[in-house]
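Spelled out from the first residue to the last, the chains are:
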Amino acid sequence: EAIGLYNLGESCCLNSLLQVFLMNIHFTGILRRITVPPSPAQRRNNVPYQMLLLLEKMQRGKCKAVAPMDLACCLIEHRVKLLVQYDAAQLFLTLWNLLKKQMKKPELVEELSDLYTICIQEHLACQNCSFEIKSNSTMLTLPLPVLDANSQRLKTLEDSLQYFFHPELLTGENMCFCQQCGRETTFVQSMKLVHLPQTLTLHLKRFCFERSSRTQKLSHNLPFPQELDFNEVLTENQCQADDSEKATWQYELFAVVAHSGSSSYGHYCAYIRSLTECKWYCFNDSQVWQVLWDDVKCTYGRSNLYWRETAYLLIYMKKQPQ
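Quick caveat: nothing in here was measured; it's all calculated off a predicted structure.

Cut-offs and rules
Residues numbered from 1 in each chain as written. Predicted model: local features only at pLDDT ≥ 70, side-chain atom pairs only at ≥ 80, totals over all residues. Heavy atoms only, no water. 1 Å grid on protein atoms, 1.4 Å probe; cavity = no way out; pocket = protein on both sides within 12 Å on 5 of 7 lines; lining within 4 Å. Points joined across faces, edges and corners; volume = space filled by probe spheres on them. Helix = DSSP H or I, 4+ residues; strand = E, 2+ residues; numbered from the N terminus. Nonpolar A, V, L, I, M, F, W, Y, C, P; charged D, E, K, R; others polar. Pairing = 2+ DSSP bridges. Axes fitted to C-alpha atoms, helices over the stretch in contact; angles between N-to-C directions. Parallel < 35°, antiparallel > 145°, perpendicular 65-115°, else oblique. Left-handed = near helix turned anticlockwise from the far one by under 90°. Contact = heavy atoms within 4.5 Å. Core = buried A, V, L, I, M, F, W, Y, C linked by side-chain atoms within 4.5 Å. Buried < 20%, exposed > 50% of the residue type's maximum accessible area, 1.4 Å probe, protein only. Phe/Tyr/Trp six-rings, centres within 6.5 Å; stacked < 30°, edge-to-face > 60°.

J.: Would you mind showing me how to read empty space enclosed by the protein here?
T.: Rolled over the atoms, a probe as big as a water molecule pinpoints where empty space is left. Per the stated rule, a full pass over the model turns up 4 cavities of 30 Å³ or more. The computed volume of the largest cavity comes to approximately 80 Å³. Taken together, Glu10, Ser11, Leu14, Ala72, Leu75, Val80, Lys81, Leu82, Leu83, Val84, Tyr86 and Leu91 make up the full set of residues lining the largest cavity. Computed from the structure, the second largest cavity encloses a volume of approximately 40 Å³. Every residue lining the second largest cavity is listed: Glu10, Cys12, Cys13, Val84, Gln85, Tyr86, Gly266 and Tyr268. Of all elements in the fold, only helix H1 (12–22) and strand E15 (266–273) reach the threshold of two or more residues within the lining of the second largest cavity. Each residue belonging to the lining of the second largest cavity can be placed in one class, and the counts come to 5 nonpolar, 2 polar and 1 charged.

Quick look at the structure:
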């Protein structure tokens, strides 16, 4: 049975992310094999261990909700404070880095990385000669724009993905120095997808800076599918992977971390599909209830209604082979 988490004071963002972690059976499979720290002080300050204790407390199932107080105290020791309005994408990165840093077994660190890490290859090609630079990098989330370069709204998640991997012409003030030409020239910059993990996190860039230096929330409608096949979304030129890698690029939506409110104040909740029951649940702090796909679709967004729930993080899971 799905269990809620009590709000400890503006901890809705933390609660939503914890539910996304702990409802992921691939993640909890890693968590259950951690090395237990030897001393009480080390156990109090170890994020993976405290997360495991919270999981066990939730799975006893005697209460509708539990308080993640011990884990919160542990996070405070690592400068993750309570009573703070967090950005879910930033807090997700913070939690993941703490987990990776404190898992002592190298094989578990590797499994955790494999579970979440995206591999991208960046290309820079001089348009005056054949000079080209290629560099690989890893990402925990794909930060997807919801507006194009002309501030026009992108209409679907697939549009956002295509735009992220679309080549960009670097000219004028953005020209790069070409070692072969010996001067600044026009380059084409492009991103190519190399590897996708078991659990894929997409970050919709719903918050943007205006010229007045104020942050604005973008709440317009952006539909996302329950099933996502990257082979159908991206072109051959946007991929740098072999056929065996591409064969695993079919995904099903696992969770949505949604934000309601404005850019300066708001509330987070999570919609998560149980991998054992194949049912959707809404996790809103201590309140948990079963929902339908139509309820999840309400997080697509609506223009000028920034206080309504709007999807911010989309977590997809690789489809299991038939």
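J.: It is not clear to me how the environment of Ala149 should be interpreted in this structure. Could you clarify?
T.: Along the polypeptide, Ala149 turns up in the loop between strand E5 (142–144) and helix H8 (157–164). Note: C-alpha distance between Ala149 and Glu168 (19 residues apart in sequence) is 10 Å.

J.: What is the right way to look at the pairing of strand E4 (residues 132–139) in this model?
T.: Taken residue by residue, a regular strand's side chains alternate between the two faces of the sheet. Across 8 bridges, the pairing between strand E3 (residues 118–126) and E4 is antiparallel. Bridge assignment links Leu124 to a residue of E4, and that residue is Ile133. In this structure, the hairpin formed by E3 and E4 is closed by a connection of 5 residues.

J.: Please clarify how the packing of H1 against helix H6 (residues 88–102) should be interpreted in this entry.
T.: Helix packing for two helices is described by the angle between their axes and how far apart those axes are. It is the contact of H1 with H6, at a shortest axis distance of 10 Å, that shows an interaxial angle of 55°. Relative to H6, H1 is oriented oblique. For the pair H1 and H6, the sense of crossing is right-handed. In contact with Cys13, Leu14, Leu17 and Phe21 of H1, H6 contributes Ala88, Leu91, Phe92, Leu95 and Leu99. Looking at the contact of H1 with H6 residue by residue, the classes come out as 9 nonpolar, no polar and no charged.

J.: Help me understand the nonpolar core in this model?
T.: Note that soluble globular proteins tend to have their nonpolar side chains buried in a common cluster. Ranked by size, the top nonpolar core spans 55 residues in total, and within it Phe27, Leu31, Met51 and Tyr116 carry the most contacts. Residues in contact with Met51, not counting those within four places in the same chain, are Leu18, Phe21, Leu22, Phe27, Leu31, Leu71 and Leu99. Counting residues in each nonpolar core, the second largest holds 41 residues, with Phe164, Phe224, Val233 and Ala311 among its members.

J.: Sorry if this is basic, but what is going on with the packing of aromatic side chains here?
T.: For any pair of aromatic rings, the description rests on two quantities: the centre-to-centre distance and the angle between the ring planes. Within the structure shown, the criterion is met by 12 aromatic pairs. Pairing Phe224 with Trp293 gives two aromatic rings, centres 6.3 Å apart and planes at 80°, and the pair type is edge-to-face. In this pair, Phe224 is assigned in the loop between strand E12 (215–217) and strand E13 (227–229) and Trp293 in helix H11 (residues 293–297), connecting sequence segments 69 residues apart. A relative accessible area of 18% places Trp293 in the buried class.

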